[in-house]
Amino acid sequence: MPLEPAIESGDRSHTLAPVESVAQISSMLLDTDPTLDPALAEKARVAAAEGVVLLTNDGTLPLGKRPVAVFGRVQIDWFAVGYGSGGDVKVPYIWNLLAGLRDAGVRVDDELATRYSTWSAANRPAFAATWGEWPHHFPEMAIDAADVAAAASRADTAVVAIGRAAGEARDSILEPGSYYLTADERTLLDTVTAHFSRTVVVVDAGNVMDLSWVADYGDRIGAVLFAWQGGMEGARAVAGVLAGEQAPSGKLTDTIARSYEDYPSAPNFGHLDVNVYAEDVFVGYRYFETFAPDRVLFPFGHGLSYTTFELTTEATTDAAALRLEVVVTNTGARAGKEVVQVYTGAPDGALGKPARHLAAFAKTRLLAPGESETVRLDVHLDDLASYDDGGATGHRSAWVLEAGAYPVFVGTDVRRAAEVAAFEVPETQVVRHATEVAAPAHAFDRLVQRRGDDGSAVASREPVPTRTVARAERVLGSLPAELAPTGDRGIDLADVARGAASLDDFVAQLTDEELSLLARGDVTMDSPLGAPGNAGVLGGVSASLRAKGVSPVTTTDGPSGIRLSAYASLLPSGTALASTWNTALIEELAALHGQEMIRKGSDVLLSPGMNIHRDPLCGRNFEYFSEDPVVTGRIAAAVVRGVQSTGLSACPKHFAANNQETNRTRNDSRVSERALREIYLRGFEICVREAAPRTIMTSYNQINGVWAHYHHDLATVVLRDEWGYEGVVITDWWIENAVDPDFPALEDNAYRVRAQVDVLMPGGVKRDAAPQAQADTTILDSLAREGGITRSELQRTARNVLGLVISLKPIVDARTLEG
């Protein structure tokens, strides 16, 4: 049967061709664009399938060859990805669920399928022309009880597909059709469950939505499958899992609560100007496992299989680490994969700690029935330290292990993990000293954990420690030494690349104008210096720079694909990838994606997105990975390693605390330094230390009153000085105008360069009528002022940018091109 035309993806304006078979897809890829690789599509399908999470199952799944009636228009109009730059890919095709089920050999009720197909073709989804005004859901086809009963006479199992989407500049909202079911969807479920003894619900969404209805329907729903948006191959992957071609092995990377109001962020999300992160370090399961375990519907790490597993653990410890050998045995009748999850606890101490936090994880290979695999994982004691931002332990601005027992738990989700060992810390010790960074300027109360008289954890409040460090003194103390300008000595960047000259020699010959040009992109998106449809170009943005061998560096939007004018593969969303818990698979997928970047002319992929799922309503959660920083960091590192294995650059984003789309360019994230370091920076730290990304993007928002693109504490003190980052920092597209409060001779781009946010992207300044009309002169203006930006700071930025150019490009001596 033909593949029904799915919803238009990417810009939602081009028509997708029907496809008759998997073989035709390969042929179509070659006809549409021979640079598209079927191997990448296949790897994407595998990843999408491994990311599917089976929430409940009473034996209704797998479907096998039973006759099945499929309900819900999303079976046709499948949400393959969320909205905005993260998924706006010109994709050659998208599988939908109906076609995927047929491809998997499921006996779909044709009469009902034809009715949905005909109705969907006549009632195409409406997409607003305004950016950010995309639909959260599509109106459902009306179907009466008699038609459902008729379908039940032809099929013994029903599959109901429910879909949701959110995206950039489009947070989910607490209304039916977004976070909640619509009345029509409730009616559909009521009617279907009344006539079918077996009902499966497939949730096609990139973000967590309300699932309280799962408990309401009880055993009337036999299975619930959460199908994170899996890209162009996603629906086919979901269908394969439903049919039993493979067992599900995805695990939740977020806690699903009984109600939205149960989330600790709920009172402090969605505000226009300020969001107070009052829950502090108690984000997601850290909160629920500590204070409200009874308010969890599905715990962090949860996910069922079609088979069963047994875990046995042997632990050996020394003073610094614990080595775990976990034997995983498939005790069921089907092949499958399992994820081993390691959690740790901590003594309450003076700081108060979450009951558990993830320390390590690993996924097995495919295990046949009766087969075993030994998974080896290490837990380092230093990684269990907490950050003391107020001196409660006597060690302010330090990572501290407080005295007491640190139990270690192993299992297949946070709730079922059992204690297998413990560290004992005889006295409080400092793991490493740090320095106060980005501390709050405004006082607020934060959540802390204390013990009640009965020994239970009690939610208490305390004033957050506020800022004590003078920024001006810190900045002046870190200014670099100036290279004496030499004028043009004829040194080409190719000389530096082959070791015939130093990078400092090259930088010293640059004019002030050239130095300022290296600190911005080529003004416009879709720069003529890069592949058509690019996000922007940096590096060789002027003829004089290119004459010295500085190549233009092309950036393209991600993470779910390469956003260009040409066709490109649409990959699984960030949450889908993270739900695989399979870093090796993700690295392989990213490496193939890097090869597509080479073929398409992209040097820097603006990916991975790695902001924390602080609240389920954040519109871009589909781009991101998890509520947990360890999952976020490890998955992001896998993406970066894969992309950069091809010689290109990934660009983790958005640095940092960008957890809301509403008023995202003005909103202030007010967060304690402890929560910032333990939750919102931790994933970036893991990614930087394990994968060394060549580029990082700042966020739009303010962090404790300072926009990220001006944040010296984050871009210099933490990122470069503490973590040893050596790459380029770029802005998200455009910046907010501001004068440096400590150095009034600096504003806008001069203020930004002082923070060591190297490049304004795409390089133009926002104007009401033309948001990328021109580049500004604030750098050169400040350079000419007393107390303004220094040439040495511009030279420092030039080194960072030129280091990226050398790492990415085969440097051709520009002198050989003359004439």
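Residues numbered from 1 in each chain as written. Predicted model: local features only at pLDDT ≥ 70, side-chain atom pairs only at ≥ 80, totals over all residues. Heavy atoms only, no water.

**Q** I would appreciate a short explanation of the overall build of the protein chain in the present structure.
**A** Scanning the protein chain from N- to C-terminus turns up 23 helices and 30 strands. The dimensions of the protein chain, computed from C-alpha atoms along their principal axes, are 85 × 70 × 50 Å. In the protein chain, which comprises 819 residues, the share counted as buried stands at 64%. Restricting to contacts in the protein chain with at least 6 residues of sequence separation, those with at least 24 account for 77%. Across the protein chain, 73 positive and 109 negative side-chain charges occur, with their mean positions spaced 2 Å apart. (Helix = DSSP H or I, 4+ residues; strand = E, 2+ residues; numbered from the N terminus. Buried < 20%, exposed > 50% of the residue type's maximum accessible area, 1.4 Å probe, protein only. Contact = heavy atoms within 4.5 Å. Lys, Arg positive; Asp, Glu negative; His and termini not counted. Charge placed at Lys NZ, Arg CZ, Asp CG, Glu CD.)

**Q** Help me understand the pattern of salt bridges in this model?
**A** This structure, assessed with the given rule, holds 62 salt bridges. Across the pair Glu289 and Arg415 runs a salt bridge, and its minimum N-O distance is 2.8 Å. Pair noted here: Glu289 is in helix 9 (residues 285-291) and Arg415 is in the loop between strand 17 (404-411) and strand 18 (418-425), with a separation of 126 residues, a long-range link. Residues participating in the shared-partner salt-bridge network are Glu168, Arg620, Glu623, Glu661 and Arg664. (Salt bridge = Lys/Arg side-chain N within 4 Å of Asp/Glu carboxyl O.)

**Q** Would you mind going over the packing of aromatic side chains with me for this structure?
**A** How two aromatic rings sit relative to each other is given by the distance of their centres and the angle of their planes. Evaluation of the coordinates by the stated rule reveals 23 aromatic pairs. For the pair Tyr263 and Phe288, a centre-to-centre distance of 5.7 Å together with 85° between the ring planes defines the contact as edge-to-face. With Tyr263 in the loop between strand 7 (256-257) and strand 8 (274-276) and Phe288 in helix 9, this residue pair connects regions lying 25 residues apart in the sequence. With relative accessibility at 6%, the residue Tyr263 sits in the buried group. Owing to a relative accessible area of 0%, Phe288 belongs among the buried residues under this scheme. (Phe/Tyr/Trp six-rings, centres within 6.5 Å; stacked < 30°, edge-to-face > 60°.)

**Q** Whenever I open this one, the sheet that holds strand 8 confuses me. Can you help?
**A** The pairing of strands in a sheet comes from backbone hydrogen bonds and takes either a parallel or an antiparallel form. Strand order in the open sheet formed by four strands is 8-26-28-29, and the pairing between neighbours is mixed. Of all strands in the sheet, those bounded by a partner on one side alone are strand 8 and strand 29 (706-707). (Pairing = 2+ DSSP bridges.)

**Q** In this structure, what is going on with the nonpolar core? I would like to understand it.
**A** Nonpolar side chains tend to gather and get buried jointly when the protein is soluble and globular. Core analysis: the biggest nonpolar cluster contains 175 residues, and Phe71, Leu211, Trp213 and Leu242 have the highest contact counts within it. Ranked by residue count, the leading element in this core is helix 17 (residues 629-644), at nine residues. Every residue in contact with Phe71, bar those within four places of it in the chain, is listed here: Leu112, Tyr116, Ile143, Val148, Ala151, Ala158, Val159, Val160, Ala161, Leu188, Val192 and Phe196. Counting residues in each nonpolar core, the second largest holds 46 residues, with Leu538, Trp734, Leu804 and Leu808 among its members. (Core = buried A, V, L, I, M, F, W, Y, C linked by side-chain atoms within 4.5 Å.)

**Q** Just to check I follow, could you spell out the pairing of strand 10 (residues 309-317) for this structure?
**A** Working note: regular strand, side chains alternate between the two faces of the sheet. Pairing analysis gives nine bridges linking strand 10 to strand 11 (residues 321-330), with the strands arranged antiparallel. Across the sheet, Glu310 pairs through a bridge with Thr329, a residue of strand 11.

**Q** What exactly am I supposed to notice about the environment of Ile686 here?
**A** Structurally, the position occupied by Ile686 is in helix 19 (residues 682-691). Residue classification places Ile686 among the buried residues on the basis of a relative accessible area of 3%. Sequence spacing of Ile686 and Asp216 is 470 residues, and the spatial spacing of their C-alpha atoms is 40 Å. Not counting residues up to four positions away in its chain, the partners in contact with Ile686 are Pro629, Val630, Gly633, Arg634 and Ala691.

**Q** Sorry, what's going on with the confidence of the model for the protein chain here?
**A** Low-confidence regions, as indicated by low pLDDT, have predicted coordinates that should not be scrutinised in detail. In the predicted model, the protein chain carries a mean pLDDT of 93, and 94% of its residues have values of at least 70. Below a pLDDT of 50 lies the segment residues 1-15, which in the model reaches 58 contacts outside its immediate sequence neighbourhood of four places, other chains included. (pLDDT = per-residue confidence, 0-100.)

**Q** Quick question: what am I supposed to make of the pairing of strand 14 (residues 372-380) here?
**A** Covered by surrounding structure in strand 14 are Glu373, Val375, Leu377 and Val379 only, the residues Ser372, Thr374, Arg376, Asp378 and His380 on the alternate face being uncovered. Across nine bridges, strand 11 lies against strand 14 in antiparallel orientation. Paired with Thr329 across the strands is Ser372, a residue of strand 14.

**Q** What is the right way to read the packing of helix 16 (residues 583-600) against helix 17 from this model?
**A** Helix packing for two helices is described by the angle between their axes and how far apart those axes are. Remark: helix 16 packs on helix 17, axes separated minimally by 7 Å, with the N-to-C direction vectors making an angle of 35°. The two elements helix 16 and helix 17 meet at a crossing, and its hand is right-handed. Together, Thr583, Ile586, Glu587, Ala590, Ala591 and Met597 of helix 16 and Arg634, Ile635, Ala638, Val639, Arg641, Gly642 and Val643 of helix 17 make up the contact between the two elements. Its residues placed into classes, the contact of helix 16 with helix 17 shows eight nonpolar, two polar and three charged. (Axes fitted to C-alpha atoms, helices over the stretch in contact; angles between N-to-C directions. Left-handed = near helix turned anticlockwise from the far one by under 90°. Nonpolar A, V, L, I, M, F, W, Y, C, P; charged D, E, K, R; others polar.)

**Q** Got a minute to help me understand helix 4 (residues 110-122) in this structure?
**A** Three or four residues apart is the spacing at which side chains of an α-helix point the same way, because the helix has 3.6 residues per turn. Along its 13 residues, helix 4 runs 18 Å from first to last C-alpha, staying within 8% of the 18 Å computed at 1.5 Å per residue. Within helix 4, burial applies to Leu112, Ala113, Tyr116, Ser117 and Ser120. Projected onto a plane normal to the axis of helix 4, the buried residues spread over an arc of 135° and lie on a single side. When the buried face of helix 4 is taken as reference, the exposed residues oriented beyond 90 degrees from it are Glu111, Thr118, Ala121 and Ala122. The inward-facing, buried residues of helix 4 contact strand 2 (67-71), helix 3 (97-103), strand 3 (107-108), helix 5 (145-154) and helix 6 (183-195). (Expected span 1.5 Å × (residues − 1). Arc of directions from axis to C-beta.)

**Q** Can you help me understand the packing of helix 5 against helix 6 in this one?
**A** Interaxial distance between helix 5 and helix 6 falls to 9 Å at its minimum, and their mutual angle equals 40°. Relative to helix 6, the element helix 5 is oriented oblique. As helix 5 packs across helix 6, the resulting crossing turns out to be right-handed. Facing helix 5, whose interface residues are Ala145, Val148, Ala149 and Ala152, helix 6 presents Thr191, Val192 and His195. Taken together, the residues that form the contact of helix 5 with helix 6 break down as five nonpolar, two polar and no charged. (Parallel < 35°, antiparallel > 145°, perpendicular 65-115°, else oblique.)

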